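The primary structure of each chain is shown beneath.
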Amino acid sequence: MTGGTGGTEASGERSVAAGGGIGRVNTGDFVTQVERATLLPPEALTVSPTGLVHLPERTQLFVGRTRELALLDEGSGIQVLCGLGGIGKSTLAARWAADRVADHTVVWWITAETPAELDAGLAELARAMQPSVVGVLPEDALRERALQWLGTHEGWLLVLDNVSDPADLRPLLARAGGGGRILVTSRRASGWQDIARTVALEVLGQGEAAELFTGFCDADDGLDALCAELGYLPLALKQAAAYCAEAGITPRTYRELLAAYPAEMFAATSEGGEAARTLARVWQVTLDRLADTPTAVSLLRVIAWWAPEGIPRWLLEPLGTPLEVTEAVRRLAAHSMITLRNGELTVHRLVQAVVRADPATVTVTARDAATRLLRMGAWHEVDGAGRRVAVHAEALAGHSDQADDTEDAARLFELAALFFRLDTVGARALPLAERALNSMRRIHGPDHPDTLRAVQYLALALEMEGSKARAVELLADGLAARLRLLGPDDPATLEAREGLARVLREFEPTRAEELLAENAVHFHRLLGPRHPSTIQARYELLEASSRGALDVVPLEELVTEAEHASPQDPDVEARIKRSLALALAAAGETERALALAENVIEDVRRRDGDADANTFLSRLIVVHVLMLGGQEDRGRALGAELLEDCLRTVGECDLTRLVRQQMELE
């Protein structure tokens, strides 16, 4: 086609040449305005023999990631680095790409958070290949030229950083062909199954985290504790290290500032640092994307108050309909804000901390909801529900101030202390019981029934941890208050008397017997001889009066009465049968003792499950019976299995110490 005073020729499939004053040219792919320009065919895009490279500035400090680098090396085609914002996806991608420049003719980095950014990056690639088209072709024409070049050449590498939606890449993938490699980074953990292989990034190891920090700031006072507090997250470590270096403070001081001013520190950056790359900003982007699923945001704000791991989905059921909760979990997992493992949720501790640092009007509502959900879940019909609730209640207590405790929170902490005590984990029960009592006193005063119950719970936790003198003092004061306020026949008064007697047995056995005898009389008169509370009171008296040497005959009588109690109480029956099994073993009746103890295990396991403390305790009785009966090898074998199960389920506690003692391991 010719125009003006001269002539031009076009060559190449679907190419167009224009000269003179031509204003519009239609190539069949697009329409564009040109003035006195020559439109070049895709074949005109060229790459220098030395290659074409566009990458971010290579980081001088890079630690760890050996596994991920190996997976990238082994891969081909399209791969996706996915994970939580700030976990180091872009840093890893830049490092790997920089080390592979020699293997590719073109290595091109594109920030591709939106389709528009992806298109702009492709257009820039075309400009770099043919600078003469700068200012001549429009953006869509340049993007088209780049796509045609990628589809007809080999040996190139594209890095597409921070892709929001896998669907955004489909137009590129449909045109680019398989002649090169594409490495994607994204917070999206799902949706890639039909497109690419994913490599999920985890946080750094402890040693790697310390190495990264000291690479920016040569200070180690309190470093290990700070790395743990920051959850070994690369962005948080870099942010903290840069701040410490600039402010001339130690990791210990930074951690103190973080505890006192979380919102400010999560938003802080060093001079010249990128404000958009602070923790507060990085995750706010994801929260904004989740705004169209309000239940997802609410769920994240709730679990921010709990322990970061082992969050059962059933705790979240009251937050919405089954579909709403499922969709909320799905979206949070898809955007790497949580991970799903064995049906439970896990959330990074810094995500929790940043969410809790939001304005009080939002966080107070979430904290109250977190408290309410735990109280509701404490009696969920699943094995170990109380234990799981206790762990998350403990975390909530650590994240909140005692002065802000509501009555709901105080009751929750009291309940958590009870569950820990039942699991014989007194060290974790004690601080929760103490907090519950302090809050009840503040809310209700010293003489309220709820306060007096909290006194009882704290005293029993103290007794378990060996602070028996203080436990006796609290229990005596509590009994006096209940006698004064409730009278001698109130169940709370009887409970207080029994608790005091139990602790006094070691110091004042005679006084303990007197209190238990008094209790037995009250129960007999109030509830009758066949009530399980009456039978238990008689058992408590028998145990105290025997001074550790229970006889078989009276225990057999109590077992018979417990089996015919009205109403039946399996816990009372199991407790007396365990004592009878020990008494039979001590009397040399090993086979009978063993049969009874194994029968108790089956009953308790059927009722309470394998992971309940009563089941563990019943199994310990079998070990003890075997050791007393001379079957030490079998006893140690069963003891080892019991110890392993206890440690896996509960951790170190009084029960594990007892197991070791029975096995003569300590």
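**Student:** For this particular structure, what's the right way to read the pairing of strand E7 (residues 181–186)?
**Tutor:** Remember that side chains alternate between the two faces of the sheet whenever the strand is regular. Taken across its six residues, E7 has six buried, putting it largely inside the fold. The side-chain alternation of E7 yields two buried faces, one formed by Arg 181, Leu 183 and Thr 185 and the other by Ile 182, Val 184 and Ser 186. Note: strand E4 (residues 78–82) against E7, five bridges, orientation parallel. Bridging from a neighbouring strand, Cys 82 pairs with Ser 186 of E7. Here strand E6 (residues 156–161) runs beside E7; their pairing, made up of four bridges, is parallel. Bridging from a neighbouring strand, Leu 160 pairs with Val 184 of E7.

**Student:** What should I look at first to understand the nonpolar core in this one?
**Tutor:** It is characteristic of soluble globular proteins that their nonpolar side chains tend to be buried jointly. Trp 283, Leu 300, Ile 303 and Trp 306 are the most contacted members of the largest nonpolar core, which has 134 residues in total. For this core, the element with the most residues is helix H17 (residues 407–422), which contributes 10 residues. With sequence-adjacent residues up to four places away left out, Trp 306 is seen in contact with Ile 311, Leu 315, Leu 316, Gln 352, Ala 370, Leu 373, Leu 374, His 392, Ala 395, Leu 396 and His 399. Counting residues in each nonpolar core, the second largest holds 32 residues, with Val 80, Leu 122, Leu 142 and Leu 147 among its members.

**Student:** Where do I start with the pattern of salt bridges in this structure?
**Tutor:** Any two side chains of opposite charge can pair, so long as their charged atoms come close to each other. All chains considered together, the criterion is met by 53 salt bridges. The partner of Glu 124 in a salt bridge is Arg 127, with the nearest N and O atoms 2.9 Å apart. Pair noted here: Glu 124 and Arg 127 are both in helix H3 (residues 115–129), with a separation of three residues, about one helical turn. Of the residues examined, Arg 127 reaches a relative accessible area of 18% and is grouped as buried.

**Student:** I would appreciate a short explanation of the packing of helix H16 (residues 385–399) against helix H18 (residues 426–444) in the present structure.
**Tutor:** When two helices pack together, you describe them by how their axes are tilted relative to each other and by the distance separating the axes. Running from N to C, H16 and H18 cross one another at 55°; their axes reach a closest spacing of 11 Å. Classed by the angle they form, the pair H16 and H18 counts as oblique. For the pair H16 and H18, the crossing hand works out as left-handed. Across the interface between the two elements, Val 391, Ala 393, Glu 394 and Ala 397 of H16 pack against Arg 428, Leu 432 and Arg 435 of H18.

**Student:** Would you take a moment to explain H3 for this structure?
**Tutor:** Residues separated by three or four positions in an α-helix point in the same direction, a consequence of the helix having 3.6 residues per turn. Given a rise of 1.5 Å per residue, 15 residues ought to cover 21 Å, and the 22 Å separating the end C-alpha atoms of H3 matches this to within 8%. In the core, the buried residues of H3 are packed alongside strand E3 (52–54), strand E5 (106–111), helix H4 (139–152), E6 and helix H5 (170–176).

**Student:** Would you take a moment to explain the sheet that holds strand E9 (residues 311–312) for this structure?
**Tutor:** One key point about sheets: their strands pair by backbone hydrogen bonds, in either a parallel or an antiparallel sense. The antiparallel open sheet is built from three strands, whose spatial order is E9-E11-E10. The strands lining the two open edges of the sheet, one partner per strand, are E9 and strand E10 (339–341). Direction of pairing for E10 relative to strand E11 (residues 344–346): antiparallel, over a ladder of three bridges. Bridge pairing links Leu 340 to Leu 345 in E11.

About the cut-offs
- Residues numbered from 1 in each chain as written.
- Predicted model: local features only at pLDDT ≥ 70, side-chain atom pairs only at ≥ 80, totals over all residues.
- Heavy atoms only, no water.
- Buried < 20%, exposed > 50% of the residue type's maximum accessible area, 1.4 Å probe, protein only.
- Helix = DSSP H or I, 4+ residues; strand = E, 2+ residues; numbered from the N terminus.
- Pairing = 2+ DSSP bridges.
- Core = buried A, V, L, I, M, F, W, Y, C linked by side-chain atoms within 4.5 Å.
- Contact = heavy atoms within 4.5 Å.
- Salt bridge = Lys/Arg side-chain N within 4 Å of Asp/Glu carboxyl O.
- Axes fitted to C-alpha atoms, helices over the stretch in contact; angles between N-to-C directions.
- Parallel < 35°, antiparallel > 145°, perpendicular 65-115°, else oblique.
- Left-handed = near helix turned anticlockwise from the far one by under 90°.
- Expected span 1.5 Å × (residues − 1).

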